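Structure assessment
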Amino acid sequence: MITGIVCEFNPFHKGHKYLIDSVKASCNDAVLCCMSGNFVQRGEFAVFDKFKRAETAIENGVDLVIELPTVFSTLSAEGFCRAGVKLIEATGIADRIAFGAENDNIYELSEIARKLNDADTQKKIVSEMQSGISFPKARSKVLNNATLDYPNNILAVEYLKAASIPCHAVKRIGKGHDTDDKEYSASAIRNELDINRISSIYNCETAVLSRLRTMNSDDFIKIADVSEGLENKIEKAVREATSLDALYELIKSKRYTHSRIRRIILRAYLGIECIPDEAPYIRILGFNEKGRKMLSEMKKTASKPIITKLKDCSKDVLPFFLQECSFTDLYNLGYKKPLPCGTEQKAKIVIK
């Protein structure tokens, strides 16, 4: 059996290892990961580049890593999860999707997913948001269920909404998300990392602010998740703020969460406007010997072209790949000592 996992590993920690080991122990599984590239769902730069994170994943039990492109990895939970699941399903080799969650009751999670897919539920959520509260709070109020108060449960439900193959939940261990648990919380580990040794949006703060100052409300309205006059608030904030933290604070409100604002600002910096329905290809980041066999099978079953490098791109998918290359060029400005352009085109996939 082959299990697919949508992930970020930003950075890899013991909780990720526990998930991989649990999945493999359940059915002697092979593990296929669809991992965010150089930018992550929190609206931030990945602390280590995608090839380094793919290498760490393979060293810790993952057999094959494919990339979740930036235009999808910087979306809200719904878009992020849907894109990851659809890429895994597009390989044609995955038997199920697995994920870690605070609640591992797959039946309860599935019932919540069913309710969220209901048109009446969506209308009620929109109605609650009209009072000025954020989408997460409106959703929680309508469902009247504390399950979605926990971040991994939110992702779990979105995976279930998107998947057409079976899903498997593994109970998350450790203190939880955004705690001081340096073994099981990615945020705690990030807080301990030396910013001079990793890539960070704060290392190219001036570049980001410079880009934003060239934009106006007409430009901001083109960015996904910007609506209802938020573009005007962003334009005003951009002209006042002299730091990213100040900018986030000026835009933040009860309606707009910090993570949503960070994603919007990151997409503005990267110039992301149009979001395609799905990725046009499957990009390989790394594999081990078992993964090599999986890749061989994928070449027979995949519903999308498989690429590892620039030369693999047809004319149809080349613009999308070159866009990802341009994103990496901007990611490279996030190092204390910036890297030159072109590293994406020269990168070699991880083979273990």
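Keep in mind that what you see is a predicted model, and the values were worked out from it rather than measured.

Looking now at the overall build of the chain. Helix and strand content of the chain: 17 helices and 10 strands. Computed over C-alpha atoms, the radius of gyration of the chain comes to 20 Å, within 12% of the 20 Å expected from 2.2 N^0.38 for 352 residues, which places it in the range of a compact globule. With respect to the principal axes defined by its C-alpha atoms, the chain has extents near 55 × 50 × 40 Å. When burial is assessed residue by residue, the chain has 53% of its 352 residues classed as buried. For the chain, the proportion of contacts with a sequence separation of at least 24, taken over those separated by at least 6, is 75%. Just so you have it, the chain exposes about 15,900 Å², and 50% of that area is on carbon and sulfur atoms. Positive and negative side-chain charges of the chain, numbering 52 and 47 respectively, have mean locations separated by a distance of 2 Å.

Right, let's talk about helix H7 (residues 135-143) for a bit. Turning to H7, its buried residues number three or more, namely Ala 138, Arg 139 and Leu 143. Seen from one end, H7 has its buried residues packed into an arc of 120 degrees, which puts them on one side. Facing away from the buried surface of H7 by more than 90 degrees, the exposed residues are Lys 137 and Lys 141. For H7, the elements touching its buried residues are helix H5 (106-116), helix H6 (119-129) and helix H8 (151-162).

This brings us to the packing of helix H10 (residues 205-213) against helix H14 (residues 258-270). Two elements in contact, H10 and H14, have axes whose closest approach is 9 Å; the angle formed by their N-to-C orientations is 80 degrees. As judged from the angle between their axes, H10 and H14 are roughly perpendicular. Side by side, H10 and H14 meet where Ala 207, Val 208, Arg 211 and Leu 212 of the first sit next to Ile 265, Ala 268 and Tyr 269 of the second.

Take the state of the cysteines next. Inspection of the entire model under this criterion finds 0 disulfides. Cys 341 provides the cysteine sulfur closest to Cys 204, a residue in no disulfide bond, and the two sulfurs are 13 Å apart.

All right, on to the environment of Ile 223 then. Examined against the element boundaries, Ile 223 turns out to sit in the loop between helix H11 (217-220) and helix H12 (230-240). Here the alpha-carbon distance between Ile 223 and Ile 106, two residues 117 residues apart in the chain, equals 34 Å. Those residues in contact with Ile 223 that sit more than four places away from it in its chain are Ile 264, Arg 267, Ala 268, Ile 272 and Glu 273.

So, on to the pattern of salt bridges. Where charged atoms from two side chains of opposite charge come close, those side chains can pair. Counted under the stated rule, the structure contains 24 salt bridges. A salt bridge links Lys 17 to Asp 21, with the nearest nitrogen and oxygen atoms 3.4 Å apart. Residue Lys 17 and its partner Asp 21 are both found in helix H1 (residues 14-27); the two are separated by 4 residues, about one turn of the helix. Its salt-bridge partner being Lys 50, residue Glu 344 comes within 2.7 Å of it at the nearest N-O pair.

Quick notes on the rules
- Residues numbered from 1 in each chain as written.
- Predicted model: local features only at pLDDT ≥ 70, side-chain atom pairs only at ≥ 80, totals over all residues.
- Heavy atoms only, no water.
- Helix = DSSP H or I, 4+ residues; strand = E, 2+ residues; numbered from the N terminus.
- Rg over C-alpha atoms; globule rule 2.2 N^0.38 Å.
- Buried < 20%, exposed > 50% of the residue type's maximum accessible area, 1.4 Å probe, protein only.
- Contact = heavy atoms within 4.5 Å.
- Areas by Shrake-Rupley, 256 points an atom, 1.4 Å probe, with all protein chains shown as cover.
- Lys, Arg positive; Asp, Glu negative; His and termini not counted.
- Charge placed at Lys NZ, Arg CZ, Asp CG, Glu CD.
- Arc of directions from axis to C-beta.
- Axes fitted to C-alpha atoms, helices over the stretch in contact; angles between N-to-C directions.
- Parallel < 35°, antiparallel > 145°, perpendicular 65-115°, else oblique.
- Disulfide = S-S within 2.5 Å.
- Salt bridge = Lys/Arg side-chain N within 4 Å of Asp/Glu carboxyl O.

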